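Letter by letter, the chains look like this.
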Amino acid sequence: MSGAPLLVLVSVASIQFGQAVGRTLFDDLGATGVVLLRVSIAALVLAVVTRPRVRSWPRAAWRAAGLLGVAVAGLNLLSALALRTVPLGVVVTVSFLGPLTVSLVQTRRLLDLLWALLAGAGVALLWWHPGAAVPLGGLVLAGLAGICGAGYILLTARLGGLVPGAGGLPVSLTVAALVALPFGAGGAGAVVERPALLLGAGAVALLQTVLPYVLELSVLRRLPTRVFGILASLNPAAAAIAGLIVLDQRLGPVEIAALGLVTLASGGVTLIRAGSSEPPVPSPRSRPSHGSRASDTGAGPRCCRRRS
């Protein structure tokens with residue numbers, strides 16, 4: 001475990017700072033254009049790294065990879081659209097409800113009601129007192145992104161049971177790029193006249209997808225699921241910090257309280273669930289949701305992840 005917790009924190013920071021850097025490209029590439037370029041570049045890089053043996057895939061694996069790609073595209077497109085008007089920390093906090101719900105559904109303890117109430121109270125604060133900086137439309141988009149996030153947790157668990165290793169990830173990202181193409185092609189076309197923008201999109205792909213994938217693939221072989229999940233539940237807080245540093249997005253007391261409640265609920269449900277049936281050596285999992293077996297991880301650590 002030596003050094004593994006630090007690598008998880010680096011991964012969390014990389015994901016959220018990647019999102020923040022991506023937000024700075026919206027004016028040049030458009031929100032959906034950034035998504036298209038990021039998932040396309042990440043798919044290409046990871047295809048070279050993993051070299052998936054797709055010829056041996058059964059039909060069910062192709063179906064699962066396709067559905068996962070649709071879920072990933074929905075998660076990223078909706079999150080990007082929400083980020084146009086809502087601070088990064090708030091978007092991540094609200095979208096966490098989807099994955100957190102999956103984790104709560106898969107556990108049947110009385111204490112889970114407490115975590116559900118905490119998370120619900122956090123998001124309810126945002127809905128009831130959104131403030132001028134948090135428009136209702138943006139919150140709705142973030143909530144829909146959370147639904148897609150819940151879907152890709154379940155679909156990744158399905159794909160992980162059909163395809164060994166991480167070969168399903170680049171295929172799913174390729175599908176996500178195809179889904180995002182009609183929405184982001186117009187904005188992404190700006191790289192033709194300004195090739196330097198491609199460097200920015202590549203940096204976002206590296207920070208938000210490729211680097212976290214490499215780090216977590218290594219960490220999850222030696223770090224207990226419980227520890228990973230608790231550390232990963234810091235994503236909303238990391239998003240708030242990244243938004244402040246990169247985007248100068250300052251959250252008010254209501255937003256900070258909501259973030260704290262959702263983070264506490266995510267860490268709590270992960271701790272309780274993993275403590276009851278934690279495997280000694282978690283199997284590696286594919287980015288963005290890393291689940292290789294529904295019974296092993298399902299929504300344990302994934303309840304604490306943010307979008308890929």
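Residues numbered from 1 in each chain as written. Predicted model: local features only at pLDDT ≥ 70, side-chain atom pairs only at ≥ 80, totals over all residues. Heavy atoms only, no water.

Colleague: When you look at a nonpolar patch on the surface in this model, what are you seeing that I'm missing?
Modeller: Taken together, the side chains of Trp-127, Trp-128, Leu-136, Val-140, Leu-144 and Ile-147 make up a nonpolar region of the molecular surface, amounting to roughly 650 Å² of accessible area. Considering each element in turn, the nonpolar patch owes the most residues, 4 residues, to helix α8 (residues 136-162). Along the chain, Leu-144 falls in helix α8. Given a relative accessible area of 38%, Leu-144 falls into the partly exposed group. (Patch = residues over 30% accessible without salt bridge, like charges linked within 9 Å, V, L, I, M, F, W, Y side chains within 5 Å. Areas by Shrake-Rupley, 256 points an atom, 1.4 Å probe, with all protein chains shown as cover. Salt bridge = Lys/Arg side-chain N within 4 Å of Asp/Glu carboxyl O. Helix = DSSP H or I, 4+ residues; strand = E, 2+ residues; numbered from the N terminus. Buried < 20%, exposed > 50% of the residue type's maximum accessible area, 1.4 Å probe, protein only.)

Colleague: For this particular structure, what's the right way to read the nonpolar core?
Modeller: When a protein is soluble and globular, its nonpolar side chains tend to lie buried together. Formed by 40 residues in total, the largest nonpolar core has its most connected members in Leu-29, Leu-88 and Val-90. When residues in this core are grouped by element, the largest group, 6 residues, is from helix α3 (residues 31-50). In contact with Leu-88, not counting residues within four places along its chain, are Gln-16, Gln-19, Ala-20, Leu-83, Ala-239, Ala-242, Gly-243 and Gln-249. (Core = buried A, V, L, I, M, F, W, Y, C linked by side-chain atoms within 4.5 Å. Contact = heavy atoms within 4.5 Å.)

Colleague: Before we go on, may I ask you to explain the pattern of salt bridges in this structure?
Modeller: Oppositely charged side chains are able to pair whenever their charged atoms sit close together. Overall, the coordinates contain 2 salt bridges when judged by the stated rule. Asp-28 serves as the salt-bridge partner of Arg-194, at 3.0 Å between the closest nitrogen and oxygen. With a gap of 166 residues between them, Arg-194 in the loop between α10 (190-193) and α11 (196-219) and Asp-28 in helix α2 (residues 26-29) connect regions that are remote in the sequence. Look at Arg-194 and you get partly exposed, because its relative accessible area is 44%. Judged by its relative accessible area of 30%, Asp-28 falls in the partly exposed class. Where Arg-250 meets Asp-248, a salt bridge forms, and the shortest distance between an N and an O atom there is 3.6 Å. Relative accessible area serves as the criterion here: at 65%, Arg-250 is assigned to the exposed category.

Colleague: Just to check I follow, could you spell out α3 for this structure?
Modeller: Since there are 3.6 residues in each turn of an α-helix, residues three or four apart along the chain are aligned in direction. End to end, α3 covers 28 Å across 20 residues, agreeing with the expected 28 Å (1.5 Å per residue, within 8%). Here α3 has its buried residues at Ala-31, Thr-32, Gly-33, Val-34, Val-35, Leu-36, Leu-37, Arg-38, Val-39, Ala-42, Ala-43 and Leu-46. Those residues of α3 that are buried lie in contact with α1 (4-23), α2, α4 (59-83), α9 (168-188), α10 and α11. Following α3 by one or two positions, Arg-51 has its phi on the positive side, about 50°. (Expected span 1.5 Å × (residues − 1).)

Colleague: I tried to follow the packing of aromatic side chains on my own but got confused; where do I start?
Modeller: The geometry of an aromatic ring pair is captured by two quantities: the separation of the ring centres and the angle between the planes. By the definition in use, this model includes 1 aromatic pair. Ring geometry for Trp-57 and Trp-62: centres 5.0 Å apart, planes at 55°, overall tilted. Judged by its relative accessible area of 41%, Trp-62 is partly exposed. (Phe/Tyr/Trp six-rings, centres within 6.5 Å; stacked < 30°, edge-to-face > 60°.)

Colleague: Please explain the packing of α1 against helix α13 (residues 235-247) as it appears in this structure.
Modeller: What describes two packed helices is the angle between their axes and the distance between those same axes. At a closest axis distance of 8 Å, the pairing of α1 and α13 adopts a crossing angle of 40°. As judged from the angle between their axes, α1 and α13 are oblique. As α1 runs across α13, the sense of the crossing is right-handed. Between α1 and α13, the residues in contact are Val-12, Ile-15, Gln-16, Phe-17, Ala-20, Val-21 and Arg-23 and Asn-235, Ala-238, Ala-239, Ile-241, Ala-242, Ile-245, Val-246 and Leu-247, respectively. Of the residues contributing to the contact of α1 with α13, the split by class is 12 nonpolar, 2 polar and 1 charged. (Axes fitted to C-alpha atoms, helices over the stretch in contact; angles between N-to-C directions. Parallel < 35°, antiparallel > 145°, perpendicular 65-115°, else oblique. Left-handed = near helix turned anticlockwise from the far one by under 90°. Nonpolar A, V, L, I, M, F, W, Y, C, P; charged D, E, K, R; others polar.)

Colleague: I'm lost on unusual backbone geometry in this one. Help?
Modeller: In most cases, non-glycine residues show a negative phi, while peptide bonds are predominantly trans. One non-glycine residue, Arg-51, adopts positive backbone phi at about 50°. Inspection of the secondary structure puts Arg-51 in the loop between α3 and α4. One non-glycine residue, Asp-248, lies in positive phi territory at about 60°. Take Asp-248: it is sitting in the loop between α13 and α14 (253-276).

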